[in-house]
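What follows is each chain in one-letter form.
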Amino acid sequence: LLFQHPGGEEVLLEQAGRDATESFEDVGHSTDAREMLKEYYIGEIHPVRTSCLFWSTWLIPIFGALVIGLMYRYYMLDGRTS
């Protein structure tokens, strides 16, 4: 299909690995192209949940750093008084 595409292979390659639905609809493909789509359709891309990413990317490491900092301070003060 790559070499048979009327729009050229560059059009397909720049959308490779991504959701090309919007690009496909913007061009205004023929009914024949829409029939071919049924044969080559792979599936839908679902967006990543950003709320989960926020917790694991920022809050957990910050919390860990705070705990380590407090433990360090506690043990350093405890070492001075002993």
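Bear in mind the structure is a predicted one, so any value in this text is a computation, not a measurement.

Draft legend 1. Focus on the packing of aromatic side chains. Per the stated rule, a full pass over the model turns up one aromatic pair. Taken together, a centroid distance of 5.3 Å and an interplanar angle of 70° make the contact between Tyr 74 and Tyr 75 edge-to-face. Classification of Tyr 75 as exposed rests on a relative accessible area of 52%.

Draft legend 2. Seen up close, a nonpolar patch on the surface. On the surface, Phe 63, Val 67, Met 71, Tyr 74 and Tyr 75 cluster together into a nonpolar patch covering about 570 Å² of accessible area. Position of Tyr 75 relative to the elements: it lies in helix H4 (residues 50-81).

Draft legend 3. Representation of the pattern of salt bridges in the model. Evaluated as defined, the whole model comprises two salt bridges. The partner of Arg 34 in a salt bridge is Glu 25, with the nearest N and O atoms 3.1 Å apart. Between Lys 38 and Glu 35 there is a salt bridge, with its nearest N and O atoms 3.3 Å apart. Of the two residues, Lys 38 and Glu 35 are both situated in helix H3 (residues 31-40); the distance of three residues between them amounts to about one turn of the helix.

Draft legend 4. Representation of the environment of Gly 43 within the structure. Inspection of the secondary structure puts Gly 43 in the loop between H3 and H4. The class of Gly 43 is partly exposed, set by a relative accessible area of 41%. Remark: the alpha-carbon pair of Gly 43 and Asp 19, spanning 24 residues in sequence, is separated by 9.3 Å.

The rules we used
- Residues numbered from 1 in each chain as written.
- Predicted model: local features only at pLDDT ≥ 70, side-chain atom pairs only at ≥ 80, totals over all residues.
- Heavy atoms only, no water.
- Phe/Tyr/Trp six-rings, centres within 6.5 Å; stacked < 30°, edge-to-face > 60°.
- Buried < 20%, exposed > 50% of the residue type's maximum accessible area, 1.4 Å probe, protein only.
- Patch = residues over 30% accessible without salt bridge, like charges linked within 9 Å, V, L, I, M, F, W, Y side chains within 5 Å.
- Areas by Shrake-Rupley, 256 points an atom, 1.4 Å probe, with all protein chains shown as cover.
- Salt bridge = Lys/Arg side-chain N within 4 Å of Asp/Glu carboxyl O.
- Helix = DSSP H or I, 4+ residues; strand = E, 2+ residues; numbered from the N terminus.

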